[in-house]
Amino acid sequence: RLINLFASQAAVAIENARLYTAERKRAEEQQALLDTLSDLSGELELSKVLQAVLHRAVMLLGVTGGELATYDEGRRELVVVASQNLGIDSTGMRMRLGEGAMGQVAQTHEPLIIPDYQEWAGRSTRYTGKAFQSVMAAPLMIGNRLVGSIASVHSDPSRRFGEEDLRLLQLFAPQAAIAIENARLYEAAQQYFQALVVNNPSAIVNLDLEFRITSCNPAFESLFGYAESEVLGKNLDDLVTSEETLAEAAQFTARGKSGQVIRGVGRRQRKDGTVIDVEHFTIPVVVAGEQVGIMALYHDVSELLEARREAEGASRSKSQFLANMSHELRTPLNAIIGYSEMLQEQAEDEAQTAYVSDLVKIRSAGRHLLALINDVLDLSKIEAGKMQLFLEEFAVEDMIRDVVTTAQPLVSSNGNTLISEIEGRGGVMFADVTKIRQALLNLLSNASKFTERGEVRLTARGEDDDMIFEVRDSGIGMTEEQSARVFEAFTQAESSTSKNFGGTGLGLAITREFCRIMGGTVSVVSSPGNGSTFTIRMPARVEAPDADPADSPDSSDEVTGGTGPLVLVVDDDSDSRDLVRRHLARAGYRTVGAADGPSGLQRAREVRPDAITLDVLMPGMDGWSVLGALKEDEDLARIPVIMVTMLDERPLGFALGASGYLTKPVDRDRLAAMVSAHADGGRTRVLIVDDDEATRASMRAVLEKQ
């Protein structure tokens, strides 16, 4: 009885021990599998992944060796990519689907155990006589797609692969397939990217976060004259900038390091010292949300810019020539018109009726030619920067009445009805009334020309600080394509328009330029058969625009605007400079401009402004250098300087002595408020915080004297 009782307890203990051993083995296998997958997922270089997959499989299964093949889908073959302890280096060997153990599992997509490979009828002749016995193979699949095959072998005749071995291999195989595919995709992407960089016509250079060069493409070597071996590890700015361009390049470098995508045009220096114009991009390289490097691209635009400068110079010369020829062209033509009128009157007085009709034709043709010359000269004056504004205050209602009176006969000639309307109170404008009147007459003339027995409506209304004028007709209308080019000089809606309706195609172009130089815009909305609506939006108070310094060097130096404190606006971009000056002029300030750092300093010494607005990104002497020079000059140091720039470097600006900081695009109200706080000469309230009463008193006395 005791023996039976002991036997039953012993059986339970043995079974528990067996189960514990099995579970422990399974846990160890699972941990080994997890370790394997962790190692494989951290590697993306394909050759290393392939070797690691096979090595891990051999270790995991505890076998003598193995072999790994990937599937070449194009040739429908397996390619051996790794082998271990097979007595033969089979790497690179190809096999057909169905050939050998790996070929068979690749064909059937099912795993296979071969107890005695040398006796197996499907063995490959390539492995005949090799010292291994049992073979186990499995396909590597991702879903239903074949990635490759893996085989494990054992040379011990007593070792036979079983279901547990197969189970473990089938757990490993899908994860190995994913690791191989990821590495293959990564390698393909790397090869594609490398080909894209190497064959790119733009100069490309890869940089680390310290702006040191890690690689460059052949286009970079060709553009700058350096071999790649010469530039590796070097700072890019030190290589391709001169003393004159280093400050500007450093600004872009700082922004590139901060993760911004930067685009600009500048000058860079080649190895031989020559300087070229380049368009450049700085692009952050971000991996997993963290910036790991920078890519810089350069495109040589020297020829393009030179051609542009030559074209602009030729255009200016043409426009200046025509503008200067105004008197020479008009004087003889006016004489022809005048004498034809005198001869016509004389012929009528002497009853020489046979000559009257001819003289009328001469006078009519002369007046038509004079109108065409006036249009061409007006456009040329605008292009040459010689069109002047004569600003005055006038009542909008009176101006509209004059326009309607002048346009009425022209509109009525095609049987049209002209309707004018002023919404709300018309108010007054401060602008060039002659040019606004001419712009409206051009629009009314255009509307009446393309409308027959219809309606032409002119409306005016105030909106915020602007005046809106609309000319709406019920004429033939235009397509979207025709509307897009209707404001181009010497262009009409279609080629047949000038033949059917007459005109040179200059009226709308001149209207657009008149609006532009007064700070306004003109636009059109139209569709075929539904007429057109032209809209002019004009500031109610127009400020004289600044001409381009290259065309009119002294125009930017002129003091314009209201009667308030004087503000010096320093910015190399004429549009930005003009916009800031307009904003300040509307707020009542007088303004003067400067197009670069040195001229800004010179102008500050000449006019002693009440405040200065200063851009940072300027060629040559940047804004930081200008600010430093201002604060080092005893006569200029007290002038408040407000930085107006694209860079968000407030701490640096205030540290260098800036009184205010605004980032572009500039908000008009904030600009006016900040300038008012510093330039209006009012007393500023200062809070002194100090625990020592004597110190507070002395500081107060010093400040009150300022």
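Criteria and cut-off values
Residues numbered from 1 in each chain as written. Predicted model: local features only at pLDDT ≥ 70, side-chain atom pairs only at ≥ 80, totals over all residues. Heavy atoms only, no water. Patch = residues over 30% accessible without salt bridge, like charges linked within 9 Å, V, L, I, M, F, W, Y side chains within 5 Å. Areas by Shrake-Rupley, 256 points an atom, 1.4 Å probe, with all protein chains shown as cover. Salt bridge = Lys/Arg side-chain N within 4 Å of Asp/Glu carboxyl O. Lys, Arg positive; Asp, Glu negative; His and termini not counted. Charge placed at Lys NZ, Arg CZ, Asp CG, Glu CD. Helix = DSSP H or I, 4+ residues; strand = E, 2+ residues; numbered from the N terminus. Buried < 20%, exposed > 50% of the residue type's maximum accessible area, 1.4 Å probe, protein only. Contact = heavy atoms within 4.5 Å. Pairing = 2+ DSSP bridges. Axes fitted to C-alpha atoms, helices over the stretch in contact; angles between N-to-C directions. Expected span 1.5 Å × (residues − 1). Core = buried A, V, L, I, M, F, W, Y, C linked by side-chain atoms within 4.5 Å. 1 Å grid on protein atoms, 1.4 Å probe; cavity = no way out; pocket = protein on both sides within 12 Å on 5 of 7 lines; lining within 4 Å. Points joined across faces, edges and corners; volume = space filled by probe spheres on them. Nonpolar A, V, L, I, M, F, W, Y, C, P; charged D, E, K, R; others polar. pLDDT = per-residue confidence, 0-100. Right-handed = clockwise from strand over helix to strand, strands pointing away. Polar contact = N/O pair within 3.5 Å; in protein donor to acceptor, adjacent residues only side chain to side chain.

### Focus on a negative patch on the surface
Phase 1: A cluster of acidic residues, Glu345, Glu348, Asp349 and Glu350, forms a negative patch on the protein surface.
Phase 2: Relative to the helices and strands, Glu345 is located in helix α10 (residues 326–349).

### Some remarks on the side chain of Ser202
Phase 1: As for its position among the elements, Ser202 is in the loop between α4 (163–198) and β7 (203–207).
Phase 2: Ser202 gets classed as buried once you look at its relative accessible area, which sits at 19%.
Phase 3: Discounting chain neighbours no more than four positions away, the residues touching Ser202 are Asn217, Ala219, Tyr298 and His299.

### Topic: the sheet that holds strand β15 (residues 455–463)
Phase 1: The strand order β13-β15-β16-β18-β17 describes an open sheet built from five strands, whose pairing is mixed. In this open sheet, the two strands that pair with only one neighbour each are β13 (417–423) and β17 (521–526). Along the sheet, successive strands turn relative to each other by an average axial angle of 15°, direction set aside.
Phase 2: In the sheet, β15 pairs with strand β16 (residues 466–473) via eight bridges, with the strands oriented antiparallel. Within β16, the residue paired with Thr459 across the bridge is Glu470.
Phase 3: Contacting β13, β15 and β16, helix α12 (residues 396–412) runs over the sheet at an angle of about 170° to β13.

### Quick look at the sheet that holds strand β10 (residues 275–287)
Phase 1: With antiparallel pairing, five strands are arranged side by side in an open sheet as β8-β7-β11-β10-β9. Where the open sheet ends on each side, the last strands, each with one partner, are β8 (213–216) and β9 (262–269). With direction set aside, neighbouring strand axes in the sheet form an average angle of 30°.
Phase 2: As paired strands, β7 and strand β11 (residues 290–300) are joined by five bridges and run antiparallel to one another. Its bridge partner being in β11, Val205 is matched across the sheet by Ala296.
Phase 3: The strands touched by helix α8 (residues 246–257) are β9, β10 and β11; relative to β9, the strand with the most contacts, the crossing angle is about 140°.

### What to know about α8
Phase 1: Taking 1.5 Å as the rise per residue, α8 with 12 residues should run 16 Å; its terminal C-alpha atoms sit 16 Å apart, in good agreement.
Phase 2: Buried residues of α8: Glu248, Ala249, Gln251, Phe252, Thr253, Arg255 and Gly256, and no others.
Phase 3: Just downstream of α8, Gly259 is the residue with a positive phi angle, here 95°.

### What about the environment of Asp165?
Phase 1: Mapped onto the secondary structure, Asp165 falls in helix α4.
Phase 2: Between the C-alpha atoms of Asp165 and Leu60, which are 105 residues apart in sequence, the distance is 9.6 Å.
Phase 3: Setting aside residues no more than four positions away along its own chain, Asp165 makes contact with Leu61, Met136, Arg159 and Arg160.

### As for the nonpolar core
Considering soluble globular proteins, one finds that nonpolar side chains tend to be buried as a cluster.
Phase 1: In terms of nonpolar packing, the biggest core is built from 42 residues, with Ile436 and Phe469 touching the most fellow members.
Phase 2: Going through the elements one at a time, α12, β14 (428–431), α13 (433–449), β15, β16, α16 (507–517), β17 and β18 (532–539) are the ones with two or more residues in this core.
Phase 3: When residues of this core are assigned to their parent elements, the largest contribution, eight residues, is made by α13.
Phase 4: In contact with Phe469, other than residues within four places in its own chain, are Val396, Met399, Ile400, Met429, Ile436, Leu440, Thr459, Ala460, Phe534, Thr535 and Ile536.

### Some points on unusual backbone geometry
Phase 1: Despite not being glycine, Arg76 has its phi angle at roughly 55°, a positive value.
Phase 2: With respect to the secondary-structure elements, Arg76 resides in the loop between β1 (65–72) and β2 (77–84).
Phase 3: Of the residues examined, Arg76 reaches a relative accessible area of 53% and is grouped as exposed.
Phase 4: The phi torsion at Ala351 lies on the positive side, around 60°, for a residue other than glycine.
Phase 5: With respect to the element layout, Ala351 can be found in the loop between α10 and α11 (353–384).
Phase 6: The exposed category is assigned to Ala351, whose relative accessible area is 58%.

### Structural notes on empty space enclosed by the protein
Phase 1: Tallied over the full model, the rule gives four cavities of 30 Å³ or more.
Phase 2: Considered as a void within the structure, the largest cavity measures approximately 150 Å³ in volume.
Phase 3: Lining the largest cavity are 15 residues, and of these Glu67, Ala101, Tyr117, Tyr127 and Ala151 sit closest to its centre.
Phase 4: Looking at the lining of the largest cavity, the element that brings in the most residues is helix α3 (residues 100–108), giving three residues.
Phase 5: When the residues that make up the lining of the largest cavity are grouped by side-chain class, the tally is 10 nonpolar, three polar and two charged.
Phase 6: Roughly 70 Å³ of volume is contained in the second largest cavity.
Phase 7: Considering the residues around the second largest cavity, the lining is formed by Phe211, Asp237, Ala249, Phe252, Thr253, Arg268, His280, Phe281, Thr282, Ala296, Leu297 and Tyr298.
Phase 8: At the level of elements, α8, β10 and β11 are the ones that each hand at least two residues to the lining of the second largest cavity.

### Some points on the confidence of the model for the protein
Phase 1: This prediction gives the protein a mean pLDDT of 80; 81% of its residues lie at or above 70.
Phase 2: Within the protein, β18 carries the highest mean pLDDT (94), whereas helix α15 (residues 497–501) carries the lowest (45).
Phase 3: Taken together, the stretch residues 495–502 has pLDDT below 50 and engages in 10 contacts with residues farther than four places along the chain or on a different chain.
Phase 4: Confidence over residues 547–555 falls short of pLDDT 50; this stretch has seven contacts with residues more than four positions distant or in other chains.

### Considerations on the pairing of strand β21 (residues 590–594)
Consecutive side chains along a regular strand alternate between the two faces of the sheet.
Phase 1: Burial runs high along β21: four of the five residues are buried.
Phase 2: Handedness of the crossover joining strand β20 (residues 566–570) and β21 through helix α17 (residues 574–586) is recorded here as right-handed.

### Considering the side chain of Asp615
Phase 1: Mapped onto the fold, Asp615 is located in the loop between β22 (611–614) and α19 (623–632).
Phase 2: Among the polar contacts made by the side chain of Asp615, one reaches the side chain of Thr645 at a distance of 3.5 Å.
Phase 3: Leaving out residues up to four positions away in the same chain, Asp615 has contacts with Val570, Asp571, Asp572, Gly623, Val644, Thr645 and Lys664.

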